[in-house]
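# Reading the structure
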Amino acid sequence: MTFETVNPATGQPIETYEEMPAGEVLDVASRMHRTFLGWRTLSVEERVPYVRRLADVLRANRQAYAELMTREMGKPLRESLAEVEKCAWMAEVYADNAPAWLADEAVEADGLEHRVVFQPLGVILAVMPWNFPFWQALRCAVPALLAGNAVLLKHASVCTGSGLAIEQAFVKARCPGDVFRTVVAGHDTVERLIASEQVQGVSLTGSVEAGRAVAGRAGWHLKKMVLELGGSDPFVVLDDVDVDMVAEQATRGRMLNTGQSCIAAKRFIVHEDVAGAFTERLAGHMRQRRVGDPLDMATEVGPLVDESAVHGMEGFVKDAVEQGATVVTGGRRLDRPGFFFQPTVLADVTRDMRVAREEVFGPVAPICTVSDENEAVQLANDTRFGLGGSVWTADEERGMAIARRIEAGCVFVNHITKSDPRLPFGGVKQSGIGRELARYGLREFVNVKTLNRYGHG
């Protein structure tokens, strides 16, 4: 089977690829398992130089990698460049900290000596999405490799070129040949990989539906899994805020990657005393965002990933308007080639509208009004998702108290939600299972093993 990647800024084909036969993919997994048997014998300190060289490779090829991402999935080039740099920084954070994070731990018990050690599992299958082509893949791969595993990447077909470029980055970093590989494979082959003896774990970032499918397969075969399945992050605005500042940050939080981010602000829950001013300021900032060719460094808003994404935004707006919402700005497809949609603000949104209940993966900002902080928390938690969120207030202690009440994997006070390699990342409810990043992500795909010594036999 062959398929084309398409430039979402123009709608024109970029490259044609052919899926690898399932047998060939399984052969790759077998070779990776053999490589793993040697890789796992290295100490963490011996694996660290490979990751440091990877950071160097990423920075040396930053422009080329960024342009490839932008052509394949439409991210503004300025954001693609930042993504490559973030990947290099993440690799360095792990190189600096992995030896300590994976160090043996002594435990007091009834024997002479008790230790907890962290040993690798084997080949880990990474099924990754298109919206952050380098970051999503590498934030999974780097810690798994440092822990002693091998990583097999099945990337989204949208960014096949990026997936293959990541494999070459590991080659340039002089990593062992089959410790990291990218395969061009379909869903049936992924199922066979999960079932195979060579694969010992699977990490997926994607939709709830994809997560259910992978979790079902991994569960049946009793394989360890980590799932990151998106969110509908609340952006809670209390009555004591600096409206101008918060509206500017709300625009940043909503419009990262043209709104196509799992941790983008997706539901704006605003106290009624400031809702009018906030809506006006937010709409003003959204109108001012520069929409255009994503390869132009002046562009702030690029296209959506494909035609179906545009139809999805049209559907959200139509449903909301039919139920009484007001389009303050935007609301339409742009009349130009490619898959562009206007930055949009919807007011008078209620919790029953699709735009407030589903994950909105695009540049649409729905505003819901509340009368007090208890109502804000109740509305923030009235979702099947629980990935991230933020609370905005002049009273930081008040903000922290509210943040504790929000059901999510991470909540920020007076900052947009973000990922950071020093902090664990993941969700609750239907936003996923397990954690990525920091020491917690590093220890996901390991055998947490106890060694116990009791004296003479």
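In what follows, the structure referred to is the one given above.
A brief look at the structure comes next. In this text the structure is predicted, and so the values were computed from the model without any measurement.

A few words on the pattern of salt bridges. Following the criterion strictly, the structure yields 27 salt bridges and no others. Between E113 and R115 there is a salt bridge, and its shortest N-O distance comes to 2.8 Å. By relative accessible area, which is 29% here, E113 ends up partly exposed. Each of R31, E167, D178 and R181 takes part in salt bridges that share partners, so that together they form one network.

We note that L222 has phi near 55°; this positive angle belongs to a residue other than glycine. Summarising the element assignment, L222 is placed in the loop between α8 (208–220) and β9 (224–228). On the accessibility criterion, L222 (77% relative accessible area) is exposed. Even without being a glycine, N414 presents a positive backbone phi close to 60°. Within the secondary structure, N414 is located in the loop between β16 (412–413) and β17 (432–433).

Below, the discussion takes up the sheet that holds strand β4 (residues 113–120). Strands belonging to one sheet form pairs held by backbone hydrogen bonds; the direction of such a pair is parallel or antiparallel. Across the sheet, three strands lie side by side as β3-β4-β18; this open sheet has antiparallel pairing. Looking at which strands have only one partner, the edges of the open sheet turn out to be β3 (105–106) and β18 (446–453). The pairing of β4 with β18 spans eight bridges and is classified as antiparallel. Within β18, the position partnered with F118 by the bridge is V448.

On to the packing of helix α3 (residues 62–73) against helix α6 (residues 160–172). Put simply, α3 and α6 touch, their axes get as near as 9 Å, and they point 160° apart. With respect to their mutual orientation, α3 and α6 come out roughly antiparallel. Where α3 crosses over α6, the handedness of that crossing is left-handed. Contact with α3, carried on its side by Y65, L68, M69 and E72, involves T160, G161, S162, A165, A169 and K172 of α6 and no other residues of that element. Taken together, the residues that form the contact of α3 with α6 break down as five nonpolar, three polar and two charged.

Below, the discussion takes up the environment of T205. One can find T205 in strand β8 (residues 199–205). Since its relative accessible area comes to 5%, T205 is described here as buried. Along the primary structure T205 and A91 are separated by 114 residues, whereas in three dimensions their C-alpha atoms are 19 Å apart. Not counting chain neighbours up to four residues away, the residues in contact with T205 comprise V127, M128, P129, Q136, R139, E228 and E436.

Procedures and definitions
- Residues numbered from 1 in each chain as written.
- Predicted model: local features only at pLDDT ≥ 70, side-chain atom pairs only at ≥ 80, totals over all residues.
- Heavy atoms only, no water.
- Salt bridge = Lys/Arg side-chain N within 4 Å of Asp/Glu carboxyl O.
- Buried < 20%, exposed > 50% of the residue type's maximum accessible area, 1.4 Å probe, protein only.
- Helix = DSSP H or I, 4+ residues; strand = E, 2+ residues; numbered from the N terminus.
- Pairing = 2+ DSSP bridges.
- Axes fitted to C-alpha atoms, helices over the stretch in contact; angles between N-to-C directions.
- Parallel < 35°, antiparallel > 145°, perpendicular 65-115°, else oblique.
- Left-handed = near helix turned anticlockwise from the far one by under 90°.
- Contact = heavy atoms within 4.5 Å.
- Nonpolar A, V, L, I, M, F, W, Y, C, P; charged D, E, K, R; others polar.

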